[in-house]
Structures are given as C-alpha cells and as structure tokens.
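Report on the structure
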Amino acid sequence: MNPEHGQEEHEEHRRADFASKKGEIVLRKHEYDGIQEYDQKLPNWWLVTFFGAVIFYLIYWFAYYQAGLIETDQDAVTNAIAEIQKEKAEALEKTLANLNDKVLVNEWATDGAIVAEGEKIYSQVCIGCHGPELDAPTKLGLSLVDHEWKYGDRPMEIFKLINEGSPAESKGMPPTGAKMIPWGATYSGKQVAQMVAFIISKNPEDFAKFKD
Ligand code: HEC
C-alpha cells in the first residue's frame, strides 16, 4: 500500500481512545514513530464469549477452590483407592473365614492345581530373593527349606508373614536388615494361600503335624 495514500485514509477517521458505536472506525489518539492503532468495537459474539469465560471462571473458582462443591481429581482417586481397598479387605476376610492351618495343609497343599498356581507366582516374584530351590542361595531372603520358620511354623503364621510382610518391630534379616514386603498389597488372600500351599508342599515333614 502506498504510505501516503494510507495516511490520507486514516486522516478521515475520528481519533479517540475507544470506539463507542458499532461499526465506527476509530484511530487511537496516541501515535509512536508513525505507528497508529485502530480501536474498533469488538463483535458481540466475541464479547459474549470473553465475558462468559470470565464469569464461568469466577463461578468455577468459587465452587472448586473455595466452596469445595466439585470433587477434585485427587478426591476421586483417593475415593477409588479406598473403595478398592475395602473390596480387597472384604475378599481377604472371606478367604480367611474358611482358612486355617489344617485346611491349608490337608486341602490346599494336597491340591495339585492350587500348588501349581502358588508355584507360578513364586517363580515370577519370590524366586528373585528365595531362589529356584527355595534355599535362598543369594541370601536376599531367608531359606524356605531349612526347617526354620522365623515368624512361626504354623501355615497361618506363614500366611500372615507373606500377606503383611515382616512385623513392624522386626529387625529384618541379618546382616542387611532386609524385610519381607507385604505382598497382600499386590496379591489376593487366595493367591497368598496358594503360595503357602506351594511352600507347604516343599516341606512335607515340617507340616506333618497338621495332617488329619
Ligand atoms: C526382595 C526380596 C524378597 C522377595 C521378592 C520375597 N521375599 Fe520373602 N523374605 C525376604 C526377606 C528379607 C525375608 C526375611 C524377613 C525378616 O527376617 O524379617 C523373607 C522371609 C520370607 C519368609 C519367612 C521364611 C522363614 O524362614 O521364616 C517366607 C515364608 C517368605 N519370605 C515368602 C515369600 C514369598 C511367598 C514371596 C513371593 C510373594 C517372597 N517371600 C518374596 C525377602 C524377599
């Protein structure tokens, strides 16, 4: 565009701080280095969107941050976890209701399918510390075939140890103080019982006293 022509065109517009009428073309009063600025009234659809967003923000800000009327994502996650934990606790209770030393030794450990399930989990996770022969060659965990049961030799005590991990007051395994993880956080009561069945099946003489 020819600058002189442009200049002429601008001269025709009113100079003011802002446009007051729809369709009115106004040139702002200020001018720097020959740069001039238009100020047209914005279209209504734009203004509605803009002020609508501002009003929405104020309402949302109040409801979400001040009044707590809208559930936060954090609350949603916390509630969902609480719900899952409740369901898990109920499932564990159900499993425990039908479980005792004799049932584990006489019913679970003698059932090939149950023992195989326990062995499957054992060889996926427990094997890392307790070894393929259960004798803990790397000393990362205790041997499970040395006829010594640090936290009790009853099947339910072994269940408890696997489910809840080393007791809080335990000093862990010397010399490192390594402890058992509470596997109940990862596995269901049924799966823990399957692992106990597998361990029993590898130590028949230790648990013979619970045989019917
Ligand atoms: C990260 C290593 C690690 C893994 C994986 C692990 N354990 Fe252990 N386990 C240990 C340690 C350490 C101890 C000794 C804890 C203590 O002394 O408090 C232990 C102890 C035990 C005991 C008691 C042994 C005894 O002689 O009294 C049993 C039973 C057991 N673990 C079963 C399992 C099962 C089943 C799994 C798989 C779900 C498993 N462990 C996975 C490290 C591990």
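Residues numbered from 1 in each chain as written. Predicted model: local features only at pLDDT ≥ 70, side-chain atom pairs only at ≥ 80, totals over all residues. Heavy atoms only, no water.

**Some words on helix 7 (residues 189–202)**
Compared with an ideal rise of 1.5 Å per residue, which puts 14 residues at 20 Å, helix 7 spans 20 Å between its outermost C-alpha atoms and is within 8% of the ideal. Burial within helix 7 is extensive, with ten of its 14 residues counted as buried. Those residues of helix 7 lying buried are Gly 189, Val 192, Ala 193, Gln 194, Met 195, Val 196, Ala 197, Phe 198, Ile 199 and Ile 200. Along its buried surface, helix 7 packs onto helix 3 (73–97), helix 4 (101–108), helix 5 (112–130) and helix 6 (155–164). (Helix = DSSP H or I, 4+ residues; strand = E, 2+ residues; numbered from the N terminus. Expected span 1.5 Å × (residues − 1). Buried < 20%, exposed > 50% of the residue type's maximum accessible area, 1.4 Å probe, protein only. Contact = heavy atoms within 4.5 Å.)

**What to know about the site of the ligand**
Surveying the vicinity of the ligand reveals 25 residues, the closest of which are Cys 126, Cys 129, His 130, Tyr 151 and Met 180. Tyr 151 places a side-chain nitrogen or oxygen 2.5 Å from an oxygen atom of the ligand. Within the side chain of Ser 170, a nitrogen or oxygen atom sits 3.3 Å from an oxygen atom of the ligand. Where the shell around the ligand is concerned, the elements lending two or more residues are helix 5 and helix 6. At four residues, helix 5 tops the list of elements feeding residues into the shell around the ligand. (Near = heavy atom within 4 Å. Polar contact = N/O pair within 3.5 Å; in protein donor to acceptor, adjacent residues only side chain to side chain.)

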